[in-house]
Amino acid sequence: MSDEPQQQGPAGRQGWEPREPQDPPAGTPAGPAGKASGPAEEAPGAAADAPEAAAVTSGAAADAPEASAGGKKGKKPKRPKRKGWRRIFPTWRMVLGGFILIVLLCVGGFMAGYMLVDIPPANAAATKQSNVYLYSDGTQIARDGEVNREKVPLKQVPLTVQHAVLAAEDRDFYGESAVDPKAMIRAAWNTVTGKGKQSGSTITQQYVKNYYLGQEQTVTRKVKEFFISIKLDREVSKNDILEGYLNTSYFGRNAYGVQAAAQAYYGEDVEDLSVAQGAYLATLLNSPNAYDVATHPENKQRAAGRWNYVLDGMVKEGWLSRSERAKTKFPMPDEAKGAAGLSGQRGYVVKAVEDYLTANKIIDEDTLAKGGYRITTTLQKDRQDAFKKAVDEEVMSKVDKGARKVDRNVRAGGASIDPATGKVVAMYGGIDYTKQYVNNATRRDYQVGSTFKPFVFTSAVENGSVTQDGRPITPNTVYDGTNKRPVQGWSGGTYAPENEDHVNYGDITVRTATDKSVNSVYAQMAVDVGSDKVKDTAVALGVPENTPDLTASPSIALGPSTASVLDMTEAYATLANHGKQATYTLVEKITKGGDEITLPEPKTGQAVSREAADTTTSILQSVVQGGTGTAAQGAGRPAAGKTGTAENDTAAWFAGYTPDLATVVAVMGQDPDTGAHTPLYGALGEARINGGGYPARVWAEFTKDALEGKPVKDFDLELEQGADVPEVPDPTTGGVDEPGTATTTDGGTETGGGQDGGGTETGGQDTGGGATTGNQDTGGGQTGGQTGGQDGGQTGEPAGGQDPGGAADGGAADGGPTDGGVQGGPTDGGTDAGGGVVDGGMDDGGGIGFPEG
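Along each chain, the written sequence defines residue order, and numbers are assigned to residues from 1. Under the rules for a predicted model, residues below a pLDDT of 70 receive no local features and side-chain atom pairs below 80 are neither given nor counted, while totals for whole chains, interfaces and linings still include all residues. The basis for every side-chain value is the complete set of heavy atoms in the structure, and neither hydrogens nor water enter the calculation.

J.: Help me understand the nonpolar core in this model?
T.: Proteins that are soluble and globular tend to have nonpolar side chains buried together. Only buried residues count toward a nonpolar core, which is a set of Ala, Val, Leu, Ile, Met, Phe, Trp, Tyr and Cys residues joined through side-chain atoms within 4.5 Å. With a 1.4 Å probe rolled over the protein chains alone, any residue whose accessible area is under 20% of its type maximum counts as buried; one over 50% counts as exposed, and the rest are partly exposed. Of all hydrophobic cores here, the largest spans 89 residues; its most connected members are L357 and F455. Among the elements that take part in this core, helix α22 (residues 565-576) stands out by supplying 8 residues, more than any other. Filtering out sequence-adjacent residues up to four positions away, F455 remains in contact with T537, A538, L541, V543, M568, A571, Y572 and L575. Core analysis: the second largest hydrophobic core is formed by 47 residues, I203, L232, A290 and L320 among them. In DSSP terms, a helix is any run of H or I states spanning at least four residues, a strand is any run of E spanning at least two, and both are numbered starting from the N terminus. By the convention used here, residues are in contact when the closest approach between their heavy atoms is within 4.5 Å.

Put into structure tokens, the structure is as follows:
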């Protein structure tokens, strides 16, 4: 050993100095070159059998690959074979190789696509074609107008408007790449998983789609869009792309580009737009049709939500101060003006068809706006002309804006459907599309009033409902018609609706309550049936489930919901078709360039049982024969129908049908300057406008002309069990159905037994459909009572209410001028030729300030 001092290590050893060779123990034979032999010599072949043992001696395997026993060279061990479940999994080498191959393919594909796809010239967006709209017989209705576009430089667009668009569509536009793969994958996933079609496109991609490509939802188009966007982003500045996007985007109202949109919605140049107005135009980019609140007032809440999203995004991105945001108010757009080529009814038809196509996802808005389609509608020219003629003669000819300021607020809407097919055969949208842009047949912002009541009864029959004391609900079931009677059996709190003019009807049958539209009876019936079931029945019949104010509560019976005229026509057509519902359709055929576009199959099905629909028809026949809708008899056909009035008399309805045709007519009040709903008191020279007056007369005139030359059909009805069996009233309470004499609510006497005596609702009728609330026809029969009412009511003479069944009987409750035919507002009964009291003094919904009846 060395004599040099060593660092003391563990166990008395000196540092890391190598050991000096030591002599082998005595008796150990020497190996080759004087080295000591190890155990390998004692067990020849061990090194070959277990090569790992060589590693015990440091460096042995590397320095001495040959085994010490016999000096033979060791064999490299074989890799053990994969056995069992391990065989189904790829090795890491396979995974790595596959990954590298995929990367190479993607890179190769990307390079190939980038090289092969060039930026094309602008598409036909700047030279949009017209769409042609045809009647069912092939004659032309309209051809939509030329493209409304005016390009402006980006510097002319206020920065606030630019920021609003970015906040709405692509907040990271200036800092992101041309495409956003993550957003594209997310959008694709949401579409596949049923969360709705969503855009994963950046503004660059949207601009490429608008300007260079088209709106087709195909893989080829998306691939081209991807590569063109990347190339464009490398060759064009972000400002140029944003400018192009603002000038090519569709904002609705046939407006392409932000300048045209500023004029279409606010009558301003784009540089004069406020922050609020700019945010609204940015809102429209998401869905122009859905967010145009002037065209679709019912969508204001939805549009305001999107508008707030845009403004909040501007605050979040630092483009708008919180104080400025707090002061911003929703900017109502101007009422739209239709193109001159769409005047009259043509524009309403075009707009309704566009809405139908986009709502049913047949053609999307952008693609339809590009044009080139030939659209054959279901509308029939002769019936379309008949509808306009009926409205002009019965309503518009009475308008005198010089004499009555309120007349400038009068509007009308109507629709007619073939019950057997669901085809819309006629539609009346307003006086002129270029003067009143909103289609009164499709708008959803006026209460439907008592036209909803039949759905309550239909639901009662459909569900086998009973009253609170267990009696089946049939046309002859007796209810308490007391004014402000609290409904029984509802846990939602006290609800006691008023009857029209606070009339107390006492015990009254369902049929008579329908004739007189008694609120207290139908609110109780809604509770008996279950308001949730009533809602379900209405939806099954055709009322859209998302109709505003269609809520499951007892008030649903009074018609606070705001379904459109067309919606209500579909529901009444289902009743006319014995409960079989056919979703309405406006389009027969669509072609483009000779190719026919596939239309969805009509949806049909038994919405309610035939017995439920037909029994409802039977009580609605009574409304026309002797209730508030007698003016509908002018059609000269067997008919069923119901009148209705919105709260505060802002709208009056008549919904009715024959076996061949279902039609709904509404007269509405709207301020032409503010768009606010207004009461119709005093309009057209009447104290009030009610459903049994002008709407019923329009209905009768149109139906008569529309069915001219067609054979007269009667209803083929299958009624519910017990529908034709009178209910025996409790002898301790009496009732309108009890034979003998019963005292009426305003003092008149009834001889012959109410409804079953044949005199109900025959007194006090006028040509406007009025009916007295007082003295019933004393046995004179339907014909005599109606004749007397028409004579006494029209002339305003106090025509002998005591005369049993005389020709002038029914003009007043007791023959006096106070209760009888005094023109302009009788207290209890007869009406003048213009209609007098709402639907003849009966509760037809909504008196002055009262809930709709």
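J.: Would you mind going over the pairing of strand β5 (residues 374-377) with me for this structure?
T.: Regular strands have side chains that alternate between both faces of the sheet. Alignment of strand β1 (residues 132-134) against β5, held across 3 bridges, turns out to be parallel. The partner of Y133 across the bridge, within β5, is I375. What makes two strands pair is DSSP finding at least two bridges between them. Sheet analysis places β5 next to strand β11 (residues 587-592), joined by 4 bridges and oriented antiparallel. From the neighbouring strand, T376 faces β11, where its bridge partner is K589.

J.: Help me out: how do you make sense of the pattern of salt bridges in this one?
T.: Any two side chains of opposite charge can pair, so long as their charged atoms come close to each other. Salt bridges are counted wherever a side-chain nitrogen of Lys or Arg sits within 4 Å of a carboxyl oxygen of Asp or Glu. According to the stated counting rule, one finds 26 salt bridges in the structure shown. Two residues, R306 and E169, come together in a salt bridge whose shortest N-O distance is 3.5 Å. Of this pair, R306 sits in helix α13 (residues 300-316) while E169 sits in helix α5 (residues 159-169), and the two are 137 residues apart along the sequence. Each member of the pair, R306 as well as E169, carries the same accessibility label: buried. For D649, the salt bridge goes to R688, with nearest N and O atoms at 3.5 Å. Separated by 39 residues along the polypeptide, D649 in the loop between β14 (640-645) and β15 (651-657) and R688 in the loop between β16 (662-669) and α24 (694-706) bring together distant segments of the chain. With respect to class, D649 is no different from R688; both count as buried.

J.: What is the right way to read the sheet that holds β14 from this model?
T.: Across a sheet, paired strands are connected by hydrogen bonds in the backbone, their directions being either parallel or antiparallel. Taken in spatial order, the 5 strands of this open sheet run β7-β6-β16-β15-β14, and their pairing is antiparallel. Across the chains shown, the open sheet's two edge strands, defined by having one partner strand only, are β7 (424-428) and β14. Averaged over all neighbouring strand pairs, the angle between strand axes comes to 5°, with direction disregarded. Here 8 bridges tie strand β6 (residues 410-417) to β16, and the two strands are oriented antiparallel to one another. Across the sheet, the residue bridging to R411 is M668, located in β16. Here the axes come from fitting lines to C-alpha atoms, over the contacting stretch only for helices, and the angles between their N-to-C directions go from 0 to 180 degrees. Along the sheet face, helix α17 (residues 381-394) touches β6, β7 and β16 and points at about 30° away from the line of β7. Here helix α23 (residues 610-626) sits on the sheet and contacts β14 and β15; the angle it forms with β14, its principal contact strand, is near 70°.

J.: Just to check I follow, could you spell out a negative patch on the surface for this structure?
T.: Taken together, the side chains of E268, E271, D272 and D334 present a region of like negative charge at the surface. As for its placement among the helices and strands, E271 is situated in the loop between α10 (258-266) and α11 (275-284). Patch criteria: residues need more than 30% relative accessible area and no salt bridge. Like-charged residues are merged within 9 Å; nonpolar side chains of Val, Leu, Ile, Met, Phe, Trp and Tyr are merged within 5 Å. The Shrake-Rupley method, run with a 1.4 Å probe, gives the accessible areas here. Residue values count only the displayed protein chains as cover. Here Asp and Glu are counted as negative and Lys and Arg as positive; His is not counted, and neither are the chain ends. For charged residues, the charge sits on one atom: NZ in Lys, CZ in Arg, CG in Asp, CD in Glu.

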